[in-house]
Structures are given as structure tokens and as C-alpha cells.
Amino acid sequence: MKKNLWIPSACVSLLASTTVWACPFCHTATGVAIHAGIFDGPFLATALATAAPFPVLLGVVAAFHFGWHPAAWMRNRARHDRPCNPTAHNVPGNTDDR
Amino acid sequence: MTAEQRHLVTAGTVLGIGLGGFVDGILFHQILQIHGMISARVPKDSVVNLEINMFWDGLFHTLTWLTTALGVWLLFRLAQRREGRLSGRAFGGALALGWGLFHVVEGILDHHILNMHHVVERLGVSIYDAAFLAFGVVLLAVGGLAIRSGVSVRTSR
């Protein structure tokens, strides 16, 4: 077997071994209740509620970065994608974006 | 504010959001254990409910980790593109701004609108929820002032 196949083979072997699946809770009444509490309830609604702050936060940061108005957003995106002039920021008094 | 400064503030703010989320998750959820991710809906009063909260804490920490990784990537990309010195004050301010932003958005959404949990769960909506928001507003102000100061110092040189 090639040397670089050892790592994935070892990982698959380890994950396939029974000790990995020997979860003390999973096959008990407690484990079943936990599984039901997570997945049998309003799983999608809870997942969305848990994740809700993150798109809002990243949206606020994106609005700060690109501008609040859609036109400013497109303008700044276009400027952002333009190739960078590596010497521009070394020119004294130059506050141009690129 | 130059493009370089704007990229620095954005990277710092995203990192601040991630690190602020970790402070919340590690300090409040795990060390002090005064609330869990959905402890207002599933009270942490049994092993089953603890484990259910732990699952949702894990999802919260996953998203927090991804946000932190995004901040590190933005900062690394900025460092690759530029050779000029970056303002430490503006970066520190951006970290505080991100942390404050996390407190305000998470506080309003999770504590008040979605009713996921409260800062001290056994008290429900309490003065601690207001303090959580107030701390966020203070961080926003401190961060904003530090960014402004750092950017003006760097631009005037």
C-alpha cells in the first residue's frame, strides 16, 4: 500500500471500529429521549433561530464595508475587484483606495 | 478612511464578533452555566435537557468558529496584499466593535425577540439582559472611538 494511503485507511478503520460507536447514552432510554428532544421537536426552526444572529451580524459588517445603499455596494464591489497597485499606498498623502 | 483601513476594520470586526461569541459561549454557557442556547425553551433541569442544550450550544460554537475563521482569513488576505504598517489601535477598536455588535444583535434577537435564553436563566428577563446590551453599546462606542482615532493618526502621518 502506498505511504499516502495509510492515513485515510487508518481513519476509516478507526471510525469503523465498534468502540467508536460505543456511546454510553445512545442506546439507553436517556439517549433516545435526547435524540427525540433534538430531532423530533421543531428542529429546523430551532436551528434557524440559533443561527439567526450570524447572518444579521455579517450583513451589518458587509453594509459597513461596502456601503448601505445598493449603488454604493456595487461601486465598492467593482473597486474591490480591480487589480491592486502595489505602490499606490506608499505615495505620501495618497488616500486613494487603489 | 482608505481601502486598507476599511479592510482592517472589517477583518477586526468579524474577528471581534467571533471572539465575542466565544466569550459568551465559554463563560456563560460552560463555566458559569447561567444559561444554555435554548434554556428558555428547554430548561436545564435534567440530563436529557442538558444534553439537548449542549447540542444547540455546539451549533452556536460551530457558527462562532466559522465567523472567527472568516476574520482570520480576511486579516491574512489583507496582510498578503499590503506591506504598509497597520494601525493597532484601529484593529483593537474593530475587535471591540465586533464584540459589541455581537452583544447588541445577539442580545436583542436571542434574549428578547426569539426568547431563546436569558443571561441568568432562573431570573428570566432581568437586569442582567439590560446589562448585556449596555455592555455591547459601551463596546461599540469604545470601538468606534478607537477606530476613528487609529485611522486619523495613521492618515495624518
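Before going into details, it helps to say that this report is about the structure given with it. (Residues numbered from 1 in each chain as written. Chains lettered and ligands numbered in written order. Predicted model: local features only at pLDDT ≥ 70, side-chain atom pairs only at ≥ 80, totals over all residues. Heavy atoms only, no water.)

Structural notes on the overall build of chain B
For the record, the criterion: Secondary structure elements follow DSSP: runs of H or I no shorter than four residues count as helices, runs of E no shorter than two count as strands, and numbering proceeds from the N terminus. A simple rule labels every residue: compare its accessible area, found with a 1.4 Å probe on the protein chains alone, to the largest value its type can have, and call it buried under 20%, exposed over 50%, or partly exposed in between. Contacts: residue pairs with any heavy atoms within 4.5 Å of one another. To measure how exposed things are, a 1.4 Å probe is used in the Shrake-Rupley method; for residues, cover is taken only from the protein chains shown.
Of regular secondary structure, chain B possesses four helices and zero strands. Starting at the N terminus and ending at the C terminus, chain B contains elements arranged as α-α-α-α. Evaluated residue by residue, chain B yields a buried proportion of 52% over its 157 residues. In chain B, the proportion of contacts linking residues at least 24 apart, taken out of those at least 6 apart, comes to 74%. Summing over all exposed atoms, chain B offers an accessible surface of approximately 7,400 Å²; the carbon and sulfur share of this is 68%.

Considerations on the layout of surface pockets
This is how it is decided: Of the two site types, the cavity is a set of points on a 1 Å grid over the protein atoms alone where a 1.4 Å probe fits but cannot get out, and the pocket is an open set with protein on both sides within 12 Å along at least five of seven lines, each lined by residues with an atom within 4 Å of a point. Grid points are joined across faces, edges and corners, and a volume is the space filled by probe spheres set on the points. Classes in brief: Ala, Val, Leu, Ile, Met, Phe, Trp, Tyr, Cys and Pro nonpolar; Asp, Glu, Lys and Arg charged; the others, Gly included, polar.
Empty space within the second largest pocket amounts to approximately 210 Å³. Taken together, 13 residues line the second largest pocket, and the ones lying closest to its centre are Ala-62, His-65 and Phe-66 of chain A together with Thr-10 and Leu-74 of chain B. Of all the secondary-structure elements, those providing two or more residues to the lining of the second largest pocket are α4 (53–66) of chain A together with α1 (3–31) and α2 (47–81) of chain B. Split into classes, the residues belonging to the lining of the second largest pocket amount to eight nonpolar, four polar and one charged.

Remarks on the nonpolar core
Nonpolar side chains in soluble globular proteins generally cluster together in the buried interior. Using the following cut-off: To qualify as a nonpolar core, a set must consist of buried Ala, Val, Leu, Ile, Met, Phe, Trp, Tyr and Cys residues joined through side-chain atoms within 4.5 Å.
Of all hydrophobic cores here, the largest spans 23 residues; its most connected members are Leu-57 of chain A together with Ile-17, Met-37, Ile-38, Ile-52 and Trp-56 of chain B. Among the elements of the structure, α2 (29–40), α3 (43–51) and α4 of chain A together with α1, α2 and α3 (88–113) of chain B are those that each provide at least two residues to this core. Counting residues per element, this core draws most heavily on α2 of chain B, at five residues. Every residue in contact with Leu-57 of chain A, bar those within four places of it in the chain, is listed here: Ile-17, Leu-101, Phe-102 and Val-105 of chain B. In terms of nonpolar packing, the next biggest core, distinct from the first, is built from ten residues, Leu-8, Val-9, Leu-78 and Val-151 of chain B among them.

Points about the packing of aromatic side chains
The test is simple: Here is the rule: rings of Phe, Tyr and Trp (six-membered ring for Trp) pair when centre to centre is within 6.5 Å. Planes less than 30 degrees apart are stacked, more than 60 are edge-to-face, and the remainder are tilted.
Tallied over the entire structure, the rule returns nine aromatic pairs over all chains. Note on Phe-39 of chain A and Phe-55 of chain B: the rings are 5.7 Å apart at their centroids and 70 degrees apart in plane angle, and the pair reads as edge-to-face. In this pair, Phe-39 of chain A sits in helix α2 while Phe-55 of chain B sits in helix α2, so the two residues belong to two different chains. Overall, the relative accessible area of 39% leaves Phe-39 of chain A in the partly exposed class. Taken together, a centroid distance of 6.3 Å and an interplanar angle of 50 degrees make the contact between Phe-43 of chain A and Phe-55 of chain B tilted.

Section: the environment of Asp-110 of chain B
Inspection of the secondary structure puts Asp-110 of chain B in helix α3. Taking C-alpha positions, Asp-110 of chain B is 9.9 Å from Ala-40 of chain B, a pair spaced 70 residues apart along the chain. Aside from chain neighbours lying at most four places away, what touches Asp-110 of chain B is Ala-49 and Pro-53 of chain A together with Met-37, Val-105, Asn-115, Met-116 and His-117 of chain B.

Focus on the interface of chain A and chain B
Convention followed: A 1.4 Å probe defines the accessible area here, and the buried area is the portion of it lost by two parts on being joined, summed over both. Here, a salt bridge means any Lys or Arg side-chain nitrogen found within 4 Å of an Asp or Glu carboxyl oxygen. Whenever a nitrogen or oxygen atom comes within 3.5 Å of another N or O atom, the pair is scored as a polar contact, on the condition that within protein one atom can donate a hydrogen and the other can accept it, and that pairs from neighbouring residues in sequence are kept only if both atoms are in side chains.
Counting residues at the interface gives 28 residues for chain A, matched by 39 residues for chain B. Counting the surface chain A buries against chain B, the share from its top three residues, Phe-54, Leu-57 and His-65 of chain A, is 20%. Where chain A meets chain B, there are zero salt bridges. Counting across the interface, chain A meets chain B through two residue pairs in polar contact (both at pLDDT 80 or more). For the side of chain A that touches chain B, the secondary-structure elements that each account for two or more residues are α2, α3 and α4 of chain A. The leading source of residues in the side of chain A that touches chain B is α4 of chain A, at eight residues. Residues belonging to the side of chain A that touches chain B are distributed by class as follows: 18 nonpolar, eight polar and two charged.

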